[in-house]
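Observations on chain architecture
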Amino acid sequence: MFEERVVSGMRPTGAMHLGHFHGALKNWVKLQSEYPCLYFVADWHALTTHYETPEVIEENVWDMVIDWLAAGIDPAQATLFIQSRIPEHAELHTLLSMITPLSWLERVPSYKDQQEKLVDRDLSTYGFLGYPLLQAADVLVYRAKYVPVGEDQVPHVEMMREVARRFNHVYGREPGFEDKAKAAAKKLGGRKAKVLMELRTKYQEQGDAEALATARALLDKQGNLSVADGERLFGYLEGSGRLILVEPEALLTESSKLPGIDGQKMSKSYNNTISLREDAESVRKKIRTMPTDPARVKRSDPGDPDKCPVWQFHLVYSDEKTRQWANQGCRTAGIGCLECKQPVIDAVLAEQGPMRERAQKYLDDPTLVRNIVADGCEKARKLARETMREVRGAMGLAYT
Ligand code: TRP
Ligand code: SF4
């Protein structure tokens, strides 16, 4: 019934690096030719943690879009936009907040994790608690089918599904609604079910409000009705059932196998990144000074690639033959570490070459990026408006 859309966002809190590329962007590039994709700069989400340093966000918004384009995101295929330019995200967030139990937000694992991890910031804010619900609005407002995310975000997608389901139960209907509603009616027992159906027909065909009230009273008295079945039956009585929000699915991106240059996870906060368009000299220097297996003190000491972050780079960047050469050379002290690093340096530079080239055009003429984003915002907004029209209608906000 709806297009199989893909939606994903990234927070503009720092420069994109090769970890982002191998962990997410490469997948975005692949998806853009398979589905209609909407990719956005999650600047409001960035504010939930960086509300005291908004300049960080401002600095990174356009650079991030340039990095996306450099990585191969094609604006002719994917729709690129900025979250805060689409006020419908905020509107849906507010409306969804009406039906979202606090406990759903409190139990999302990232909530406590991040509060504990980012001790230098006060994250006991309303905005930070609402982070996953805003994220739900980001996706639900486009009725997206798929959300490409990393492992850490899967609970957020789970919550989106729950919110959509609840919304549809309260204000619309889920797939197979009719059958489920009928099955729920049957559970009341044959006689009551029959009465209920008759009252429903009276209300729907003759607009008999009293019949509706009687039917509702009948349901109200049912102690053994599950919440979901109750919501189905109330919707069924009114005939207001519609599928309004789509339950999205996570498209799990394998987490990046590319570690930072120190072997830990590549992350700005560990100061171990290679940025997407880093200049060649700096890339060479960073890789040349990467730590290796500490057992290789002297050139003649054999090493173990499994204890060396450079080997992780080989696993991402090298073909089988080069890997064999490195593995064997390391274990037999047949090659030195600098020698071993050279093919990695070459491969990283070869990967970055086309990225730097693609970015240049946008660096030379910043209006190009502004225009791409303006177009993307317009397209996104059109879709978001359609959904919100339904949502407002379903929630009784379409005053005439
Ligand atoms: N929370 C995501 C992250 O930190 C970013 C994000 C915001 C997002 N809104 C989204 C991802 C919607 C997917 C869909 O990576
Ligand atoms: Fe690491 Fe290569 Fe040196 Fe072995 S030879 S320790 S894999 S850099």
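Here the structure is shown first, and the text comes after it.
Structure report, in brief. Everything numeric in this text was worked out from a predicted model, so none of it was measured.

**Re the site of ligand 1**
In the region of ligand 1, 13 residues are neighbours, and Arg 11, Tyr 131, Gln 135, Asp 138 and Gln 153 sit closest. Starting from 360 Å² of accessible surface for ligand 1 in isolation, the protein chains cover 87%. Looking at the shell around ligand 1, the elements that each hand over two or more residues are strand S1 (6-10), helix H8 (131-140) and strand S4 (146-149). The dominant element in the shell around ligand 1, judged by the number of residues it contributes, is H8, at 4 residues. The residue inventory of the shell around ligand 1, partitioned by class, reads 6 nonpolar, 5 polar and 2 charged.

**Digging into the environment of Val 310**
By secondary structure assignment, the location of Val 310 is in helix H15 (residues 309-317). Residue class for Val 310 comes out buried when judged on its relative accessible area of 2%. Counting along the chain gives 20 residues from Val 310 to Met 290, while the straight-line C-alpha distance between them is 7.3 Å. Beyond its immediate stretch of four places on either side in the chain, Val 310 contacts Met 290, Pro 291, Thr 292, Cys 340, Lys 341 and Val 344.

**Considerations on unusual backbone geometry**
Not every positive phi belongs to a glycine, and Asn 271 is a case in point at roughly 60 degrees. Looking at the element boundaries, Asn 271 is found in the loop between strand S5 (249-252) and helix H14 (280-288). Of note in this structure, Ala 333 is not a glycine but carries a positive phi near 55 degrees. Take Ala 333: it is sitting in the loop between helix H16 (320-331) and helix H17 (337-364). Residue Ala 333 is classed as buried on the basis of its relative accessible area of 14%.

Rules used in this analysis
- Per chain, the residues get numbers from 1 upward, laid out in the order the sequence is written.
- To read the labels, note that chains go from A and ligands from 1, taken in the order they are written.
- It should be noted that, the model being predicted, local features are given only for residues of pLDDT at least 70 and side-chain atom pairs only at 80 or more, the latter also being counted only at that level, while totals for whole chains, interfaces and linings use all residues.
- Neither water nor hydrogens contribute to the side-chain values; these are computed over all heavy atoms in the structure.
- The cutoff for a nearby residue is simple: one of its non-hydrogen atoms must lie within 4 Å of the molecule or strand.
- With residues, only the protein chains shown are counted as cover, and all accessible areas are computed by Shrake-Rupley using a 1.4 Å probe.
- Only DSSP runs of H or I reaching four residues or more are called helices, and only runs of E reaching two or more are called strands; each is numbered from the N terminus.
- Ten residue types, Ala, Val, Leu, Ile, Met, Phe, Trp, Tyr, Cys and Pro, are classed as nonpolar, four, Asp, Glu, Lys and Arg, as charged, and the remainder, Gly among them, as polar.
- Classification of residues uses two cut-offs on accessible area relative to the type maximum, computed with a 1.4 Å probe and protein chains only: under 20% is buried, over 50% is exposed, and between them is partly exposed.
- Note on definitions: a residue-residue contact is assigned when non-hydrogen atoms from the two residues lie within 4.5 Å.

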